[in-house]
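Structural characterization, general
Listed below are the residues making up each chain.
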Amino acid sequence: MTESALNVSLDSTDDRFANIRPYRDEEVRPVLDRLAKDPELLDALTAYKLPRLARFLPRLAHTIATLAIRREMRGVNSVGDFQQRIESYMLRMIRTSTDGFEISGLDKLDPDTAYLFISNHRDIALDPAFVNLALYQAGRNTVRIAIGDNLLQKPYVSDLMRLNKSFIVPRSAKGKRAMLAAYQTLSGYIRHSIVEDNHSVWLAQREGRAKDGIDRTDPTILKMLTMARRQTDKLASLGDAIRELRLVPVSISYEYDPCDIQKAKELHAVHAQGNYRKLEFEDIRSIVAGITGEKGHIQLHVGTPLNAEFKDYDAVADEIDRQILAGYRLFPSHQLALEASGRAPELVDLTHVETADRQRFEQRLAQVPEQLRDWWLAQYANPALNKAGRL
């Protein structure tokens, strides 16, 4: 079955989700044509790729960027076409910034069934991108991706994300009533995608990345997910609502995080000052750093659908956490960080740590400012402690 056939559009008379849903095939070309002329996107591209020309001859730089966008997007007329182009960039990224990408567990899921993949969250863009790559290479339909509206600070960013099958999670709604309405719409969209469109969805287990390396599911997200079913069927049990969504935990493990120093800086600031104020476009810079930075080995493990009866949302969160931690892979970086931190030395396992691993680890640690080292080490040590039930 082709991507276009699977990219089921909502009925035109019932587009309740127009403000949050991904773009449809028929919307792709007009959006791309608009992006090729978007001055803010052109400013961002030229500042990154043509900084000198952008400074002295900005109009010429814009013209070159416009031609480059049109050349890259020639022949792209559907979501499937757009994602096919993304695949080539993903494969190039894997070749240039990783030591390999491994996938396990996906073969146990029905290829013709939609699932709600809920994963731990370490990288803004790459976590769902690796899930998509695994599905795409297996000949399966890719996911619709939940992305917070806090990341969509510019219209062109929103356009690019929605072209890649992202839908918008409201985090900036003001007031309880507005937030409730926004989450009802979001819950309805996710349920519609899984149950009616038979189209898989990716969602992080908590709001924001786990900057401290501690992966835990937020039960309030699970309440949002089941809101739509329990509104329409008051007698539905929690287990019924969870089973309907075919919720599958996913573990993504990075040997190294290109944003680890920035995360350590944020953790240190929160600890020392009580808060951390992000710079403008800091999330966008984190996306670029995550894509281009060195990551070592990466493993993606797909769990099994949740089909039990659950007494409450905490029990559902516990099962998701159990599967994510069971599927999480500890790399030499985790063992070496645990050793260097001095925490739980009895858990340190250096069996598979080679001299080259230690040299690489020490080289990266040497680049970390002294005041950030404990926070940097914790990002890598905490997964080992969490997996052992020590956190």
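See the structure above.
Residues numbered from 1 in each chain as written. Predicted model: local features only at pLDDT ≥ 70, side-chain atom pairs only at ≥ 80, totals over all residues. Heavy atoms only, no water.

Things to note about the pattern of salt bridges
To keep things clear, this is the line we draw: Should a side-chain nitrogen of Lys or Arg be within 4 Å of a carboxyl oxygen of Asp or Glu, the pair is scored as a salt bridge. Three exposure classes are used, based on accessible area relative to the maximum for each residue type with a 1.4 Å probe and protein chains only: buried under 20%, partly exposed in between, and exposed over 50%.
Across all of its chains, the model carries 26 salt bridges by this definition. Among the salt bridges present, the one from Asp15 reaches Arg21, with a minimum N-O distance of 3.3 Å. Its relative accessible area of 25% is what places Asp15 among the partly exposed residues. For Arg21, a relative accessible area of 6% puts it in the buried group. Glu27 is the partner of Arg21 in a salt bridge, and the nearest nitrogen-oxygen pair spans 3.0 Å.

With respect to the sheet that holds strand β1 (residues 100-104)
Short version of the rule: For two strands to count as paired, DSSP must find a minimum of two bridges between them. For the purposes of this entry, the term helix denotes a DSSP run of H or I that reaches at least four residues, the term strand denotes a run of E that reaches at least two, and both are numbered from the N terminus. An axis is simply a line fitted to the C-alpha atoms; with a helix, the fit covers only the stretch in contact. Between two such axes, the angle follows the N-to-C directions and lies from 0 to 180 degrees.
Read across the open sheet, the seven strands follow the order β1-β7-β6-β2-β5-β3-β4; overall the sheet is mixed. Strands at the two margins of the open sheet, each flanked by one partner only, are β1 and β4 (166-169). Averaged over all neighbouring strand pairs, the angle between strand axes comes to 25°, with direction disregarded. Direction of pairing for strand β2 (residues 116-119) relative to strand β6 (residues 247-254): parallel, over a ladder of four bridges. Considered in β6, the bridge of Ile118 is made with Pro249.

Focus on helix α9 (residues 176-196)
Cut-off, in case you're wondering: For a helix, the expected span equals 1.5 Å multiplied by the number of residues minus one. Residues are treated as being in contact if the distance between any of their heavy atoms lies within 4.5 Å.
In this model, α9 (21 residues) spans 29 Å end to end at C-alpha, consistent with the 30 Å of a helix rising 1.5 Å per residue. Of all the residues in α9, the buried ones are Ala182, Leu186, Ser187, Gly188, Tyr189, Ile190, His192, Ser193 and Ile194. Of the surrounding elements, those touching the buried residues of α9 are β2, β3 (144-148), β4, β5 (201-204), α10 (219-232) and α11 (238-245). Looking one or two residues beyond α9, the residue adopting positive phi is Asn198, at roughly 55°.

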